[in-house]
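# Tertiary structure, described
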Amino acid sequence: MIALAALAGGAVLLVYNARPVRRAARLTPLPDLKIDTARAAENLSRYVQLDTSAPPGISPEAAVKHIQLLTEQYARPLGLEIEVIGGLMLLLRWRTGSRRPPVMFTGHADVVPVAEDERPRWTHPPFSGAIDQGFVWGRGTLDNKGSTICILEAMASLQAAGLKPDRDVFLWVTHDEEVGGVEGAKVFVRDHLEKLDGASMVIDEGGYAINDFVRGAVFAAVAVGEKHALTVRARVETPPGHASMPTAGDAPAVLTAALARLMAAPSPPRLLAPLRVLLDRLAEPMSWGRRLVLRNRWLFGGLILRMLSRLAASSAMIRDTVALTFLRAGHKVNIIPAQAEATLHMRLLPGTSTEEMLGRLRAAMAEPRVKLEVLSESGDTPIAPTRGEDWERLDAALAVGLPGAVVAPIITPGTDDGRYFARAGLAVYRYIPFTLDAVERRRIHGEDERVSLANLQQAIVAYAHLLRYL
Ligand SMILES: [Zn+2]
């Protein structure tokens, strides 16, 4: 009888969890927003024409020009407070008189370089800023000059509509994000954080609206956390031998056997809290049957983890990954080398420590002759909340600013300047409202980087709603 009742209870829970969850539309779209996409494209084109590649890094002359561009085109006419820090970083503030903690948007003026041999393959030269076929072309259009221009344009359209944010807004534009933020974000957080007047929230780069994840749906993929990198050298040393008499104890043999055991044993999957929210949100536009599976993780957890493990991208979201990036041994065809070494590059989920990962490597390799040495570690970064006021406002503002999109928190495998702010206790949400498919995303740091005018328009509208409603 008890078993029967439990069964009935389980069935009710299954069906209950599969029902569509419709959140009430709490916000209204901003009426009468005038969006000047042509001006945005022109200014972005001028911004792209400043070659700010890093490395080598922004020259003082280029820094003066980019600060001039942003302040003369936007900050001054909009009446923003302007502060230049160290000649390179720009901090703009829209003062509103609100007592709520401010929010900070970020941008970076530096871009990754374009190799000489890559340039002929570009449709338009990478620093041309050509406006052609409905796109602005060039390095930095997506990463990350485009969003800076769109944030400023969104401020302009709010002001033109007689609207203002509900809290002070900062826009911080740095100069060395692509080379680790050591002189930019790190210094800013160390020496200038008090300038933000107790800001609680950061809107950074790192996630996009993507339309090729689930068919027919656009997901506003907001990265609420990031994986952290750990690089380890694994080395075996043995006496050298002659290649005519090999043994299983030779350094290359010992190392490769241990590596084979390691590669055959992926880290156990772990569903972090934001990913549970992601699954709930992913389920929304799906059929009843799929919702039933995705929402009933108490029953289908194993199946869901197997599904997520199938693709490299989703597998990386639920486990610590290990990539074998260097293998070195040997110097002569008939000598067994005395040393063999491998470099393992790992991306760890938030919460996995270096010690824990080293322990797992040792256990999987099961070979005491393999010596491990940590070459570098980027360190863990806290995850931004997916509940509470800041998240709820972001969620609601995106729902109305990017109509039809499903807001979904993700953990990004990449890192950016946001980590410095997250470690200082701010809630960092990494998101740029351009809708990009895999082909367009590959242009970031790749060839023919470009942004469509439609995306500029969409991002200005979305940022206007974020600015107004956050
Ligand atoms: Zn970037």
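As the structure is a computational prediction, the values presented were derived from the model and not from experiment. (Residues numbered from 1 in each chain as written. Predicted model: local features only at pLDDT ≥ 70, side-chain atom pairs only at ≥ 80, totals over all residues.)

### Side note on the domain arrangement of the chain
Segmentation of the chain into domains returns domain 1 (37–206 + 385–390 + 411–469) and domain 2 (229–267 + 321–378). One C-alpha centre belongs to domain 1, the other to domain 2; they are set 41 Å apart. (Domains from an automatic or database assignment.)

### What to know about the sheet that holds strand β4 (residues 131–132)
Read across the sheet, 3 strands follow the order β4-β5-β17 without closing on themselves; strand pairing throughout is antiparallel. Each edge of the open sheet carries a strand with a single partner, namely β4 and β17 (450–452). Here 2 bridges tie β4 to strand β5 (residues 135–137), and the two strands are oriented antiparallel to one another. Bridging from a neighbouring strand, Asp132 pairs with Phe135 of β5. (Pairing = 2+ DSSP bridges. Helix = DSSP H or I, 4+ residues; strand = E, 2+ residues; numbered from the N terminus.)

### Describing helix α3 (residues 60–78)
When the terminal C-alpha atoms of α3 are compared, their 25 Å separation across 19 residues agrees well with the 27 Å that a helix rising 1.5 Å per residue should span. Of all the bends in α3, the largest measures some 50° and sits at Thr71. For α3, every residue scored as buried is listed here: Ala63, His66, Ile67, Leu70, Tyr74 and Ala75. Residues of α3 that are buried make contact with α2 (37–49), β1 (81–85), β2 (89–94), α4 (145–160) and β6 (169–174). Where α3 ends, the next residue or the one after it, Gly79, has phi of about 70°, a positive value. (Expected span 1.5 Å × (residues − 1). Bend = angle between axes of the 7 residues up to and from the residue. Buried ≥ 20, exposed ≤ 12 C-beta atoms within 10 Å, placed from the backbone. Contact = placed C-beta atoms within 7 Å.)

### Focus on the nonpolar core
Phe170, Ala220, Leu255, Tyr429, Ile460 and Tyr463 are the most contacted members of the largest nonpolar core, which totals 123 residues. A total of 10 residues in this core trace back to one element, the largest contributor, which is helix α15 (residues 453–469). When residues of this core are assigned to domains, at least three map to each of domain 1 (37–206 + 385–390 + 411–469) and domain 2 (229–267 + 321–378). Every residue in contact with Ala220, bar those within four places of it in the chain, is listed here: Ala209, Leu398, Leu402, Ala405, Val406, Val407, Ala408, Tyr431 and Pro433. (Core = buried A, V, L, I, M, F, W, Y, C linked by C-beta atoms within 7 Å.)

### Description of the sheet that holds strand β11 (residues 321–329)
The strand order β11-β13-β9-β14 describes an open sheet built from 4 strands, whose pairing is antiparallel. Each of the sheet's edge strands pairs with one partner strand only, and the pair in question is β11 and β14 (371–377). Across the sheet, the axes of successive neighbouring strands diverge by a mean angle of 20°, strand direction being ignored. In this structure, strand β9 (residues 228–237) lies alongside strand β13 (residues 339–348), joined through 10 bridges in antiparallel fashion. What sits directly across from Val232, in β13, is Leu344. Against the sheet, helix α6 (residues 251–263) makes contact with β9, β11 and β13, and its axis sits at roughly 20° relative to β13, the strand it touches most. Across the sheet, helix α11 (residues 354–365) touches β9, β13 and β14, and the angle it forms with β14 is around 145°. (Axes fitted to C-alpha atoms, helices over the stretch in contact; angles between N-to-C directions.)

### A closer look at α11
If you check α11, its first and last C-alpha atoms are 16 Å apart, about what 12 residues at 1.5 Å a residue would give, namely 16 Å. Listed as buried for α11 are Met357, Leu361 and Met365. Axial view of α11: buried residues confined to an arc of 65°, hence all on one face. In α11, the exposed residues that point more than 90 degrees away from the buried face are Glu355, Glu356, Gly359 and Ala363. Immediately beyond the C-terminal end of α11, within one or two residues, lies Ala366, with a positive phi of roughly 50°. (Arc of directions from axis to C-beta.)

### Some points on the pairing of β9
Because side chains alternate across β9, one face comprises the buried residues His228, Leu230, Val232, Ala234 and Val236, and the other comprises Ala229, Thr231, Arg233, Arg235 and Glu237, none of which is buried. Inspection of the sheet shows β9 paired to β14 by 6 bridges, in the antiparallel sense. For Arg235, the partnering residue across the bridge sits in β14 and is Lys371.

### Overview of unusual backbone geometry
With omega at 5°, the peptide bond leading from Pro55 into Pro56 counts as cis. Inspection of the secondary structure puts Pro56 in the loop between α2 and α3. A positive phi angle is found at Gln133, which is not glycine, with a value near 55°. Relative to the elements of secondary structure, Gln133 occurs in the loop between β4 and β5. In this structure Gln133 comes out as exposed when scored by C-beta crowding, with 11 C-beta atoms within 10 Å. The phi dihedral of Asp448 is positive, around 55°, even though this residue is not glycine. One can find Asp448 in the loop between α14 (438–442) and β17. Under the C-beta neighbour-count criterion, Asp448 is labelled partly exposed, with 18 such atoms within 10 Å.

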